[in-house]
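A structural walkthrough
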Amino acid sequence: MKSLESEVEKLQQDLKEDHSSLLLHVKQFVSDLRSLSCQMAALQGNGSAGTCCPVNWVEHEGSCYWFSRTGKPWPEADRYCRLENAHLVVVTSREEQKFIEHHIGFLNTWMGLSDPDGVWKWVDGTDYEAGYQNWRPGQPDDWSGHGLGGGEDCAHFTNDGRWNDDMCQRPYRWVCETKLGPAA
């Protein structure tokens, strides 16, 4: 009886996780469909298009996100986003964190948070101290024992989604973010 009870509890937990994952996929599908409709209206030029994310960007909760498939040092990733009229991603909630994790998988990925002058700051000026944080235990630690010179001044998502500070010159993937704007 205990064994069956345990098995039922595990199946219920698996079902909850599957349900949560399915809801995330449905939400993303609706977002993709809305984006596609917006892009189609813009292409037809009938003026009915309100706002769209750029092609190959993903819309989520009023922002557009672009996920790199290659690695660059933090300053180059930052420059890339700025050239796209965007900025490295600024994480403001657990919900946004989960959305980003879903898209980056288990790869180290830069975000728009750094502390070159010893104070952590978001690239868009969002208040770091009062905002959402998701550091790994013991981080940030500004570790300098890696033998690469200097400390760790740039933040990235780790393989489990939590944040770590690291050498800004490491070539990690990155995420750009911009507010949802008029169709281009």
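Residues numbered from 1 in each chain as written. Predicted model: local features only at pLDDT ≥ 70, side-chain atom pairs only at ≥ 80, totals over all residues. Heavy atoms only, no water.

- As annotated in an unreviewed UniProt entry, the protein carries the name Asialoglycoprotein receptor 1 and comes from Oryctolagus cuniculus.

**Observations regarding the packing of aromatic side chains**
- All chains considered together, the criterion is met by 11 aromatic pairs.
- Plain terms: the ring middles of Tyr65 and Phe67 are 6.4 Å apart, the flat faces sit at 20° to each other, and that makes the pair stacked. Taken individually, Tyr65 and Phe67 each receive the classification buried, so the pair is uniform in this respect.
- Ring geometry for Tyr80 and Trp174: centres 5.4 Å apart, planes at 70°, overall edge-to-face. Note that Tyr80 is positioned in helix H2 (residues 74–83) and Trp174 in strand S9 (residues 173–179), a separation of 94 residues in sequence.
- By way of ring pairs, the aromatic residues Trp120, Trp122, Tyr132, Trp135 and Trp163 are connected into one cluster. (Phe/Tyr/Trp six-rings, centres within 6.5 Å; stacked < 30°, edge-to-face > 60°. Buried < 20%, exposed > 50% of the residue type's maximum accessible area, 1.4 Å probe, protein only. Helix = DSSP H or I, 4+ residues; strand = E, 2+ residues; numbered from the N terminus.)

**What to know about the state of the cysteines**
- Here the structure, examined in full by the defined rule, presents 3 disulfides.
- What pairs with Cys53 in a disulfide is Cys64, and their sulfur atoms sit 2.0 Å apart. Residues Cys53 and Cys64 are joined by a disulfide whose S-S torsion is about -90°; by sign, that bridge is left-handed. Of this pair, Cys53 sits in the loop between strand S1 (51–52) and strand S2 (58–60) while Cys64 sits in strand S3 (residues 63–67), and the two are 11 residues apart along the sequence.
- Judged by its relative accessible area of 1%, Cys64 is buried.
- With its sulfur 1.9 Å from that of its partner, Cys154 forms a disulfide with Cys168. (Disulfide = S-S within 2.5 Å.)

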